[in-house]
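Chain by chain, the residues run as shown.
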Amino acid sequence: MPKLPPVPRTASESLITRADRVLMSTYARVPLAFTAGKGCRLTDVEGRSYLDLTSGFGVCCLGHGHPRLVVALQRQAGQLIQVSNLFYTEPMVAVAERLVAHSFGDRVFFCNSGAEANEGAIKLARKQSNDGHGPGRYRVLAFTPSFHGRTLATLSATGQTKVQHGFEPLVDGFDHAPYGDLAAAEVALGDAHCAILVEPILGESGVVVPPPGFLAGLRRLADARGLTLIFDCIQTGMGRTGKLFAYEHEGVTPDVMTLAKGLGGGPPIGAVVATEALAAHFTPGSHGSTFAANPLVCAAAAVVLDELLDGGVLDDAAANGAYFRTGLEALATRYPEIREVRGRGLMLGLLFHKPAAPVLDGLREEGVIALPAGPDVVRLLPPLILSRAEIDEALGALDKVLSSAIEP
Ligand SMILES: Cc1ncc(COP(=O)(O)O)c(C=O)c1O
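Residues numbered from 1 in each chain as written. Predicted model: local features only at pLDDT ≥ 70, side-chain atom pairs only at ≥ 80, totals over all residues. Heavy atoms only, no water.

Chemist: Hey, could you run me through the sheet that holds strand 3 (residues 49-52) in this one?
Modeler: Adjacent strands of a sheet form backbone hydrogen bonds with each other and so pair up, either parallel or antiparallel. Ordered by their spatial adjacency, four strands build an open sheet running 1-2-3-13, and the pairing between neighbours is mixed. Whereas interior strands pair on both sides, the edge strands pair on one side only; in this sheet they are strand 1 (34-38) and strand 13 (368-369). In this structure, strand 1 lies alongside strand 2 (residues 41-44), joined through four bridges in antiparallel fashion. When the bridges of strand 2 are listed, F34 appears paired with D44. (Pairing = 2+ DSSP bridges. Helix = DSSP H or I, 4+ residues; strand = E, 2+ residues; numbered from the N terminus.)

Chemist: Help me understand the layout of surface pockets, please; the structure alone is not making it clear to me.
Modeler: It is a probe the size of a water molecule, rolled over the atoms, that shows where empty space is left. Of the pockets and cavities examined, the second largest pocket occupies roughly 810 Å³. Lining the second largest pocket are 27 residues, and of these N85, R107, V108, F109 and F110 sit closest to its centre. Elements supplying a minimum of two residues to the lining of the second largest pocket: helix 4 (90-101), strand 4 (107-111) and strand 10 (270-274). Of the residues belonging to the lining of the second largest pocket, the class tally is 17 nonpolar, eight polar and two charged. (1 Å grid on protein atoms, 1.4 Å probe; cavity = no way out; pocket = protein on both sides within 12 Å on 5 of 7 lines; lining within 4 Å. Points joined across faces, edges and corners; volume = space filled by probe spheres on them. Nonpolar A, V, L, I, M, F, W, Y, C, P; charged D, E, K, R; others polar.)

Chemist: Please explain the environment of P67 as it appears in this structure.
Modeler: Within the element layout of this structure, P67 appears in helix 3 (residues 67-79). In sequence terms P67 and L380 are 313 residues apart; their C-alpha atoms lie 24 Å from each other.

Chemist: Can you help me understand the packing of aromatic side chains in this one?
Modeler: Under the defined criterion, the tally for this structure stands at eight aromatic pairs. Seen in terms of ring centroids, F34 and Y50 are 5.7 Å apart; in terms of plane orientation they differ by 80 degrees. Their pairing is edge-to-face. In this pair, F34 sits in strand 1 while Y50 sits in strand 3, placing the two residues 16 residues apart along the sequence. For F34, a relative accessible area of 34% gives the class partly exposed. Taking the centre distance of 5.4 Å and the plane angle of 65 degrees together, the rings of Y179 and F214 count as edge-to-face. Taken together, the residues span a long stretch of sequence, with Y179 in the loop between strand 6 (174-178) and helix 8 (182-188) and F214 in helix 9 (residues 214-225) at a distance of 35 residues. Here Y179 and F214 have matching classes, each one buried. Ring-pair connections join several aromatic residues into one group, and the members of that group are F104, F231, F245 and Y247. (Phe/Tyr/Trp six-rings, centres within 6.5 Å; stacked < 30°, edge-to-face > 60°. Buried < 20%, exposed > 50% of the residue type's maximum accessible area, 1.4 Å probe, protein only.)

Chemist: Mind showing me how you'd approach the site of the ligand here?
Modeler: With respect to spatial proximity, 13 residues lie near the ligand, and among them G114, A115, D232, Q235 and K261 are the closest. One nitrogen or oxygen atom from the side chain of E204 is found 3.2 Å from an oxygen atom belonging to the ligand. Between the ligand and the protein, one listed contact pairs an oxygen atom with a side-chain N or O atom of Q235 at 2.8 Å. Compared with its free state, where it exposes 390 Å², the ligand has 82% of that area covered by protein. Ranked by residues supplied to the shell around the ligand, first place goes to helix 5 (residues 114-133) with three residues. Each residue belonging to the shell around the ligand can be placed in one class, and the counts come to three nonpolar, six polar and four charged. (Near = heavy atom within 4 Å. Polar contact = N/O pair within 3.5 Å; in protein donor to acceptor, adjacent residues only side chain to side chain. Areas by Shrake-Rupley, 256 points an atom, 1.4 Å probe, with all protein chains shown as cover.)

See the structure below:
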């Protein structure tokens, strides 16, 4: 007789059982089901509260249920949700104006996700090269490791075989050099290259800040060879690293950057921000997206930009990121299993000498959720509104988990 599945005992278990019947198994989900969020806290279906150091993969930069974000979404939903890019709306223009005013860029193309933003940037670089040099110069140099998305082109750009395995043949035109190795990048570049694509700080691949001079060196290489320099700022953008965009730490600007995640503080929105010279190669019909730039998501992005730039969130994130880091470094001096504290601002990583999964499980028991970044890194991407008291709470939970792990 076939074995019957166990009868779920809790509301979470019941939801998980239903999910396992109907959702594709693309995620190794944590057995938690959330119903509500406020500030940096999430509530699960049993009513337990968790300190959220994930912010939905770095998206909810203003935390959960931010009053201004909620009101703006409610108001915009009642007014106008979608008209398509055949027409103009105030929110799309206002957000593009602010992105242009606060970056190197002159023009914005909106889209719906990070992968879509990277697709747009890659297409733009190819289009410019094709317009100027003809079809043979189309290759993009990316890095190993890296993460640029899950569409066929962006997984081909991603420097991680586990993301690519089973989806071959990959999209032609992507080469990889080791992240941080400028000399290797120079050797890897040939006459068929039109662009360099790089994360200013590696996110998924372990929260790695590149060696000083790496991004500046890529800028020089791109200039010397007439290549488009693309910064994938999807994880590092929108204040995550304590500056609005991570390239500001290095004083190096790209020709085009991609944004998503925190741009809308929750609703799905991405953007390609480019110089005038580059953007000129997108003409009517060259690129598009049905949902992109709809007034609802742009109303959210307008609030995010206001709060970051005028509401003090960016400054707080920089100061609190430094405070968090100091606390993590103090823990690292006490627990030798911590190999390194990494990151910038509120994009932080703890590299362990051992697998990170038990630390994440222990934190969850303590009511704190965090992310992995590879097998041995705990990644912290909290809302940018995380307070000092909440940082102390997170450090206390880590201390407890690490001290119990080394007890005999
Ligand atoms: C640096 C980077 N690029 C691209 C992506 C892909 O973004 P999305 O999942 O919105 O397509 C991610 C997502 O984690 C990312 O961190």
